Every structure is written in structure tokens, then in C-alpha cells.
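Examination of the molecular architecture
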Amino acid sequence: MTGRMEVLVYCGLILGLICPCHSLDNGNSLNRFKRSQESMWSDPSDCTARRTKQTVVPMNSHNFSLDILMPGVVPTGSDSYLCMAVPVPTVQDFYIVDFVPHASMDTAHHMLLYGCQSPVSTSGYWDCGSVQGTCEEEASIMYAWARNAPPTKLPKDVGFKVGGNSGISYFVLQIHYGDVGAFRDHHRDCSGITLRMTSKRQPFIAGIYLLVAVDVVIPPGNRVTNADVACDFESYPIFPFAFRTHTHHLGKVVSGYRIRDDKWTLIGRQSPQLPQAFYAANRDVDVKYGDTLAARCVFTGEGRTSKTYIGGTSSDEMCNFYIMYYMENKHAVPFMNCMETGSTELFQNIPYEANVPIPVNTDTMFSMMHVGHATDPWNNKASSQPNKVEQETLNQAYHLEESTAWPGRELQLGQVAGLALDSDGNLLIFHRGDHRWGVNSFDLKARYQQRSLGPIQQSTILVVDPVKGHILKALGRNMFYMPHGITTDSDNNYWVTDVALHQVLKLSSSARGKPLVVLGEAFTPGSDSNHFCQPTDVAVDTTTGNIYISDGYCNARILEFSPDGKYLSEWGAGSLDRRRWIPFGIPHSLTYLPDRRELCVADRENGRIQCFVANSGEFVKEISREEFGGEVYAISSSFANGGLIYAVNGNSPIGYSAPPKGFVIDYSSKDIVDVFNPVQQEFEMPHDLVVSKDGSVFVADAGSSSVFKFTSEKSLHRSVKKAGIEVRELEEIESMVQTKLKPLHKVLLEAAAATQQKAAPDPEKLPNSPQAQAHHQQQQLEEEVEKRKTMGKMANQSAHQGVTSSALITSLLLVPLVLVISIAAFIRCRKTRVYEDGFEVKPNTNSAGGILGKLKGKATGSLNLGNFLATNKGYTRQGFDRLSTEGSDQEKEDDNTTDSENEEFSAPPPATVSSP
């Protein structure tokens, strides 16, 4: 009975492929491909009953997708490694441009996709954690997935080359099943990958460079153990565009670098406890002959009672840093690796950021593991609502535009110095009322010269509705002389600075009674722990409640205090190269990064942003861009939106100056991913900014005494970058209606252009002028456009209904014909039992996977990690695949899915004290 069912399924598959297969390879490519046979399980709830029966899906004359899915397997024990092979279904050169995983970490610990000439087996699936391994010869790693990572889409003009003369004739899918307890319900697994491929020649070929530390022992209880690996690069130039990290439980952070002329340049840095996806690499990095590639994994042995070694089981560890790169087609090398332990002398110069763990909180983990629609095609679970990160990704596909309807610009304000958000999401505006900072406000020793004016009589702190711009509460009368910075803590207290008082104050949100904490001596500048000199801003550690103060206009330092005002520490500017160390030139604004426990400083006069480990003051990184024009006035951050720094610049009194504007900066890559400006007027002196939870950005302009609001407005065919990853947004087009309206739009554009070319003193007041006539014609055309849009939509709806009805009737008429053809095909198959390429299909009694035909091809050289581990220091582990570079965590989350929207990597072609 099982054999009959297999034959029926196979014949149905061949029938489905008869029509479309000719488009892939002139009628011959798919004739080489032979579908692996599956047993149809009796349980209708099994994934095999719901799997797509057509493995190869043609998309057009150049493209198709290939499903590589496990055939309903049930691992027999924890830390099982199971593999299956699928032939490359073409004799042409084809290119993989997209990897879409179908798996959940509840079931699969990791997946690896190899390319090779001859797999160990072509029959069903096999245990590849034993001595069998994956391929008869060495293999190339092409893709890796773990911890519910999202899909990976390659840049334009880049692809992994397979088939043809690439040396890759087979794909081998390896899945590591960490905890067999996931199969207590006796379900069968069909996890796997969909490859999207094209026959269009790609000018750049993708590959993987893998750095692996193999000689590592983590002592029990040891707080920090570093695993270092480094190799000299000896090939043609490569251009990294993505990176991936991998460890097991004990890994805290993994960082990869290129070293050139003794300078370390970051390729990528990430926590391996987050979804182990391919993240966007630093796009400014290329690697050429003579460079060194290096990586460090930071582990902790806390909680362990015995030594931990490198291996493939849940009790072992791994240290892997993947670099996904592209290189010129003619020099393409699909896989390279490095397994050399880095020297102590070399790693003495590694940037400090490599030693800083990246905290992973529950919210971050949950959100990153649910990128995309909550849909799993293998268990038929679906959600019609976008999840948190999907919505954030959608928000990031919009450009920040000024909200001209927000009335906040019309508030009666003095010089606006600071902005913050309270615990309810309301906007706090800290302004100077009728006091203004001018040339006579301070003497040369920073002493305030206008005390006779008294404190500001107006309410200096306004609590404003961030949507409607209404004032909800006003406070702060007769308290301040020259307000500057404001922020809030977890208890909704206000921390403010006053540069005239040289003080930092902690106020109750009611501002009644005396300040809760007063730091500094009123009107007395100084530089010790009890005095400030024009302090500028305050940031609050969301975990400890400690505060950080930027001090300021005449002191170049950051100070840390406890929540009750106890002095803790201080530090100055940082640098990776002490020979090029430059002190702060007005640390003007602060932002705290809770996910990283870092503090970033807007070093105003040096035109840079510097970030530090908050509780130690250790320097982490610097962001300095020519676009800043030598000035960075203020910064804010939003790591809920993918790790973004928001900044505003200003006019520099000396040297080069760029027009004031707002910037959105990717923290990891340091790329500027968006620039925003007001529409109705220009920035005069943007002094502070803050980002709300919904992604709105508020900018305080001290020059115009106003507050601007910017929101994410959808733009037509806009290309933006999110966290270093390019996301192309193409609006859906109503083709029938828009095609008919296109001539009208063209006429409108021509009329507008003609109007701009003709000069008149005041065209709007000349009724018979060409401008007025063109304006009148434009209005008429716009009205006609609206009418045609309405009519077109109605026609489109009617046509859609007609097409739907016709399609239904046609489908019903075709059902008998399809049944007749299927019966005929079944009878023919029963008689001959001989199929394409001369292979005879027989039931397989030893495997649930069926049989694959063997195809001949060439192999590519690669890393045989298993053989190395088998002969070095006894690192042999049950369940460790010879070619695997992954391991086992057995960490679980509930109801995780991974069928998400793709992320596309962007790939460029190779190649003094002033005013407040």
C-alpha cells in the first residue's frame, strides 16, 4: 500500500512539472532533477500531509524557488544530527539570492546548508552526527540558521553560484535536534529552507568566511574567558556585507574585525543569545591580501561545576564568527575558514568594545524571535495582526517628515533648551522664558552676570500632549536662571541642569516644595566633585537609577552619581588610539542605551558622538561623520527601532559648517540612514531632541524658540536603510486606473514646469496671466483626476468580480479533465515503474525519506572541522558532525515562528566656548 501511495505522489509531481519545467533550462534542467520519495503518514495532522508537494516552483523564465525540507523525521535522541540531500535541479549556472527558513527553535536547534559534489547518501535522510558526515568530499557552508533567525536576502547583483561549472551539484541540509523532548507528542518534523534562485548571471559571487576557535577551555565559575582566532588573508579582495555569531549558553558577545596597518576595524558585533541571523556588517570594510581577520568570543563559566570544551552537545561550547561576503565572479571562492588561535600580542590591541557583553532582556529576545507575520506554513498557525517587531520594521520603511499640523511650534516659549518624555509619554519642554543667553550673560570665568534680573517668572517646565500640543501642566516658576537639560527617571522625577546656577537638581514631578536633590553650589563654578561649571545634561541608568552628568561648557568630563546624589566617578573623552586622543569640546547632550548599558555623549564642538560602558567609563566607539559639519548639539536613541541614534547638528562659529538638520544613525554600522528637516522653515539652532515610543521625534530649536515634531510619513518608492540593512519599499499600483491617469499626471507636471519658467511680479494677482491660467487648468485637471480615479476604482471592482466568476467556472470545468489525465498517468506509471533519467523507484524500508537519484558534479574545497576535532585533545563528542560548526543550547521559547518578511542587505560596488 505504501508503494502505491509513493507512485501516485510521484506521478502527480511529474504531471505538475511538465508544463513549467521548460522555462528553467530549455527543457533539460529539471529533467535531471528527481524528487525524493516520501512515505505518506496515516496521521492527517502530520506535517507530511500538509507539505507542499511541488518542491521546485517556477516563478518566471529566469527564477524559481526550491524547497529543501525534512521528510517527516523523528529524532531518536537529543543532540541528533540528521541530514538529507537534494540535487541542484539544473545543469546551468544558477544563483541563490534568498534563503527563507521554515523552522522553530522549539524543534530545531540549528540548520546548516552545505553545497557539495557527492553527498554521503542520496537515499532519504541519514544520521550525519556519526562518522558518515555530510559529503563524500569537503563541502562549502552556504547558510546557517539558529534561534528563530529571520530570512536572509542577498544584495542586488550578488548570489551563491550553484550548478553548471560551480562545483556544487547537491545541497545537503543538516538539522541539529537539540532536545528530543520536543517530540514527546510523536509529531514528525518537516523543517527546512526555501531557496530562491535565478539564472541571471550575477556579477558578484557570495561566499562564507568562517572563523572558528577550537582550542578553548572555559574553567568552571570563571567570570570571563576569551576565545581568540585570527588568520592572515591570502586571497583576492572580499567585501563583507553580513555577519553571524554563534556560541551556546555561555557566550556573551562575539566580535569580528579586519586588521590593516595595525588598525582594528569592526566588521560586526552581536550577542549570540539573540536570534542567530546574518546581521548587516559594517559597509566601510573590505578585506584584501595582507589583511588579518580576527574574532573574539567572550564566555562566562559562572554556573558550571566542570570545565567546558568545544564540541557539539549541550554541555559543550562553540565560538564561531561567520562573514558573508561577495567578490568578483572571476575570482570567486565560495568558502574560506580560519582556525588559528590568535596571539596574545595581537589581541592586546583589540578594541575594548569586544570585551563588553551585550545584555539580552526578555523583551528584546521575544521581539527579535518574532520578526515578520506570525505564520508557520508547517503547522497552519496564523495571526492576522502584525507583531511588535514587524510593526517597527514597517515604521522604519518611512521617512521622517515634519508634522505641520502639530501646534507645538506655536506655543509661547522662550529659548527652548531641553526636551524629555515623562512616564505617561507626555512631552516635557524646558525653556528660558524671558531670559536669553547672550554675550553678556557670563564673564570669562563663567560666572553669571545677570543675577539682578532674578529667576525666570514664567513656568519653565511645560507638560504637553505629544499629539495635540495642548499644555497639560506648567511648573517651574521662580526657580531657574538659565535652564539647559532635562530628563526623567523611573519614578517620574525630573533631573534638570541650570548653567547659570552651575547646579543639577532633582525635582518631584509636582515641583512642590524643595528639590529632592541639589548637586553643586549656586552661582559658583568649579571642577571638583562638589562643583560644576555650566553642566549641560543628565542621563539616568534605567537599571541602577544612577545618573550621569555632562559637565559641560567649561569642564570636559562626565560624572556619575547615585540616585540620592552621592558622587561615584568621572571620566573624560575616549580614543582607540591614545596618540590621537582629543578632550571633549563641550559634552553637550547624553543618551543612555539600556540594552547595551552604554552612555553616549554628543561632543558638540568636536562634531562627534562617543559611547562608553556606563558603569566604568570605558570607551566603546566613536561616530563622526562629515555630514555633521563639525557640530553635534544633541542626541537621543531608540533601540526599540533596531538600534538607532538620533542627532541634530548646528552651525559652527569656526571652520566648516553644514546646515542644521536631523540625522538618524545606525548604531552598529555608523551609517546615516535618514536625514530630516522642517518643511515650512529652517532650523536655526536645534538644541535638543527626544524620540517617543511611537517613533515620533521632537526637536527643540533655541534659535526660533519653538518645538518641531517629525513623524514617519510614507513616501513613494523610497529606499531607506534600517540598522545597516537596505529596505526597498515599492507601493502597490492599481495598474488599470493608474495607466489611464498617467497622461493627465504628465500634463500636470508640464504645466507646473511651464509656470515656474515664466517670471512675473505677482502671478497670483494677475487673472489673465499664463501662470493664473495654468493654475486654473491644473485645478481642472486635478478634479478630472479625482473623477477618473473614482470611476476607475468602480470599474476595477466590477472587472474583478467578473474575473472571479469566470475563474470559478473555468476551474469547475477543468476538474474532470484533470481527473482523467491523473488516472491515465497513474495507469502508465503502474505499468512501467520506470521514471525520468532511467531510475526505478522502489519502496524504501530502511528510511522514511525515500530515494534520490545520483548526479555527478565537481566539489569545492572546504573545512573538515570534524576530522580536526577527532584528532585533537580528545574533542570527540557524540552527535558532533564532522562538518558542523554549530552546537546545542536546548533553550526554548513558546510559540515561536519564523516565516517573516525578508531583510535585504545593501551592497555597494567594490570600490572654543560658544553660544548655548
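Conventions adopted
- Residues numbered from 1 in each chain as written.
- Predicted model: local features only at pLDDT ≥ 70, side-chain atom pairs only at ≥ 80, totals over all residues.
- Heavy atoms only, no water.
- Helix = DSSP H or I, 4+ residues; strand = E, 2+ residues; numbered from the N terminus.
- Areas by Shrake-Rupley, 256 points an atom, 1.4 Å probe, with all protein chains shown as cover.
- Disulfide = S-S within 2.5 Å.
- Buried < 20%, exposed > 50% of the residue type's maximum accessible area, 1.4 Å probe, protein only.
- Pairing = 2+ DSSP bridges.
- 1 Å grid on protein atoms, 1.4 Å probe; cavity = no way out; pocket = protein on both sides within 12 Å on 5 of 7 lines; lining within 4 Å.
- Points joined across faces, edges and corners; volume = space filled by probe spheres on them.
- Nonpolar A, V, L, I, M, F, W, Y, C, P; charged D, E, K, R; others polar.
- Axes fitted to C-alpha atoms, helices over the stretch in contact; angles between N-to-C directions.

1. Topic: the overall build of the chain
- The number of helices and strands found in the chain is eight helices and 49 strands.
- When the accessible area of the chain is evaluated, it comes to approximately 39700 Å², of which 51% is carbon and sulfur surface.

2. A word on the state of the cysteines
- Counted according to the given criterion, the structure contains six disulfides.
- Sulfur-sulfur distance for the disulfide between Cys83 and Cys128 comes to 2.1 Å. Between Cys83 and Cys128 the disulfide shows an S-S torsion of about 80 degrees. By sign, it is right-handed. Separated by 45 residues along the polypeptide, Cys83 in strand β3 (residues 80–87) and Cys128 in the loop between β6 (125–127) and β7 (140–146) bring together distant segments of the chain. Both residues of the pair, Cys83 and Cys128, belong to the buried class.

3. Notes on the side chain of His531
- Mapped onto the secondary structure, His531 falls in the loop between β31 (517–519) and β32 (535–540).
- On the accessibility criterion, His531 (16% relative accessible area) is buried.

4. Describing the environment of Val91
- Here Val91 is to be found in the loop between β3 and β4 (93–102).
- Distance in space between the C-alpha atoms of Val91 and Val162 is 9.3 Å, their sequence separation being 71 residues.

5. Considering the pairing of strand β27 (residues 471–475)
- In the sheet, strand β26 (residues 461–464) pairs with β27 via four bridges, with the strands oriented antiparallel. In the strand pairing of β27, Val464 is matched with Ile471.
- Two successive antiparallel strands, β26 and β27, enclose a turn made up of six residues, where Gly469 displays a positive phi of approximately 80 degrees.

6. Let's talk about the pairing of strand β11 (residues 192–198)
- For β11, the buried fraction is high: six of the seven residues fall into the buried class.
- Inspection of the sheet shows strand β2 (residues 63–69) paired to β11 by seven bridges, in the antiparallel sense. For Asp67, the partnering residue across the bridge sits in β11 and is Thr194.
- In this sheet, β11 lies alongside β4 in antiparallel orientation, the contact comprising seven bridges. Across the sheet, Phe99 pairs through a bridge with Leu195, a residue of β11.

7. Remarks on unusual backbone geometry
- Cis geometry is adopted by the peptide bond preceding Gly552, which originates at Asp551 and carries an omega value of -15 degrees.
- Inspection of the secondary structure puts Gly552 in the loop between β33 (547–551) and β34 (557–561).
- The backbone phi angle of Asp262 is positive, close to 65 degrees, even though this residue is not glycine.
- You can see Asp262 is positioned in the loop between β16 (251–260) and β17 (263–270).
- Classification of Asp262 by relative accessible area gives exposed; the value is 72%.
- Despite not being glycine, Lys670 shows a phi value in the positive range, around 70 degrees.
- The topology assignment puts Lys670 in the loop between β42 (662–666) and β43 (672–676).
- Accessibility expressed as a relative area gives 29% for Lys670, which makes it partly exposed.

8. Examining the layout of surface pockets
- One number sums up the size of the second largest pocket: a volume of about 1400 Å³.
- Of all the secondary-structure elements, those providing two or more residues to the lining of the second largest pocket are β16, β17 and β39 (619–623).
- In terms of residue count, the dominant contributor to the lining of the second largest pocket is β39 (five residues).
- Classifying every residue of the lining of the second largest pocket by side-chain character gives 14 nonpolar, 10 polar and 16 charged.

9. A closer look at the sheet that holds β16
- As summarised here, the arrangement of the four strands in space is β14-β19-β16-β17, forming an open sheet in which the pairing is antiparallel. Each of the sheet's edge strands pairs with one partner strand only, and the pair in question is β14 (225–232) and β17. Within the sheet, the average angular offset between the axes of one strand and its neighbour, ignoring direction, is 20 degrees.
- Examined bridge by bridge, β14 and strand β19 (residues 292–299) share eight bridges and lie antiparallel to one another. Residue pairing for β19: Ala227 is matched across the bridge by Cys297.

10. Structural notes on the sheet that holds strand β37 (residues 598–603)
- The strand order across the open sheet built from four strands is β36-β37-β38-β39, with neighbouring strands paired in antiparallel fashion. Looking at the sheet topology across the chains shown, the edges are occupied by β36 (587–593) and β39. Going across the sheet, the axis of each strand differs from the next one's by a mean of 20 degrees, ignoring polarity.
- Bridge count for β36 against β37 is six bridges, and the pairing is antiparallel. Looking across to β37, one finds that Leu590 is bridged to Val601.

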